Amino acid sequence: MESHNVNNSLNLDMEKDQEQAFDYSKRAQWLRAAVLGANDGLVTTASLMMGVGAIKPDVKTMMLTGFAGLVAGACSMAIGEFVSVYSQYDIEVAQMKRDNGGEIDKEKLPSPTKAASASALAFCIGAVVPLLAAAFVKTYKVRVGVIVAAVTLALAMFGWLGAVLGKAPVVKSSARVLIGGWLAMAVTYGLTKLVGSHGMA
């Protein structure tokens with residue numbers, strides 16, 4: 001009898017540990033997705049501002065370009081995430097109906113609305129960085145330097161956070177994020193300047 005009780009207790013402890021591990025895993029995935037979304041907002045908006053600034057260096061044009069990138073990117077991320085998570089939702093509902101005889105546990109289902117909102121918010125957080133960096137600097141060259149510095153600092157932070165959440169090597173992960181962000185800004189700047197200077201005469 002005592003042995004039976006001990007086994008039941010061990011089983012309950014194991015189930016609790018598994019539930020806690022699952023909850024932590026889900027939270028880590030959400031946080032990592034948020035970091036990636038913020039990184040997308042940061043790089044996309046900064047690259048757009050740098051690219052348009054190569055042709056129209058005035059602060060108003062760069063700020064409007066960045067703001068348009070923020071709105072378009074946030075909407076795109078939200079819609080994409082909503083569609084993706086809703087597809088997952090439908091699959092899990094169908095699976096629950098098969099496994100539980102038609103019963104559905106809504107607490108275990110993903111929320112498309114929450115996922116879309118979180119994705120859009122993360123993108124906006126990243127996109128705000130270059131916008132704030134450029135907002136109060138009138139001189140073009142100084143403005144570009146401030147944007148690059150702010151974006152570099154944010155990229156390093158996002159790279160570090162993504163590595164920690166993904167349990168990846170911090171230095172290598174941060175370096176990849178930094179180089180990728182710099183490359184995106186450089187390519188956008190260079191190609192836009194080339195097209196604007198020679199291809200649209």
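Residues numbered from 1 in each chain as written. Predicted model: local features only at pLDDT ≥ 70, side-chain atom pairs only at ≥ 80, totals over all residues. Heavy atoms only, no water.

### Quick notes on a nonpolar patch on the surface
Taken together, the side chains of Leu-183, Val-187, Leu-191, Leu-194 and Val-195 define a hydrophobic patch exposed on the protein surface, amounting to about 450 Å² of accessible area. Position of Val-195 relative to the elements: it lies in helix α5 (residues 170–199). Relative accessible area serves as the criterion here: at 44%, Val-195 is assigned to the partly exposed category. (Patch = residues over 30% accessible without salt bridge, like charges linked within 9 Å, V, L, I, M, F, W, Y side chains within 5 Å. Areas by Shrake-Rupley, 256 points an atom, 1.4 Å probe, with all protein chains shown as cover. Salt bridge = Lys/Arg side-chain N within 4 Å of Asp/Glu carboxyl O. Helix = DSSP H or I, 4+ residues; strand = E, 2+ residues; numbered from the N terminus. Buried < 20%, exposed > 50% of the residue type's maximum accessible area, 1.4 Å probe, protein only.)

### Considerations on the nonpolar core
If you look at the biggest cluster of nonpolar residues, it comprises 26 residues, and the most contacted ones within it are Leu-42, Met-49, Ile-147, Val-151, Leu-155 and Phe-158. Of all the elements in the fold, those that place two or more residues in this core are α1 (2–53), α2 (59–99), α3 (112–135), α4 (140–166) and α5. Those residues in contact with Ile-147 that lie beyond four places of it in its chain are Met-49, Met-50, Met-62, Pro-130, Ala-133 and Ala-134. (Core = buried A, V, L, I, M, F, W, Y, C linked by side-chain atoms within 4.5 Å. Contact = heavy atoms within 4.5 Å.)

### A word on the packing of aromatic side chains
Applying the stated criterion across every chain, the model contains two aromatic pairs. With centroids separated by 5.4 Å and ring planes inclined at 55°, the aromatic side chains of Phe-82 and Tyr-86 adopt a geometry described as tilted. Placement of both Phe-82 and Tyr-86 in helix α2 is noted, with a separation of four residues, approximately one turn of the helix. Look at Tyr-86 and you get partly exposed, because its relative accessible area is 36%. Between Tyr-86 and Tyr-89, the aromatic rings sit 5.5 Å apart at their centres with planes inclined by 55°, giving tilted as the arrangement. Here Tyr-89 and Tyr-86 lie together in helix α2, a separation of three residues that amounts to about one turn. Among the aromatic residues, those joined into a cluster by ring pairs are Phe-82, Tyr-86 and Tyr-89. (Phe/Tyr/Trp six-rings, centres within 6.5 Å; stacked < 30°, edge-to-face > 60°.)

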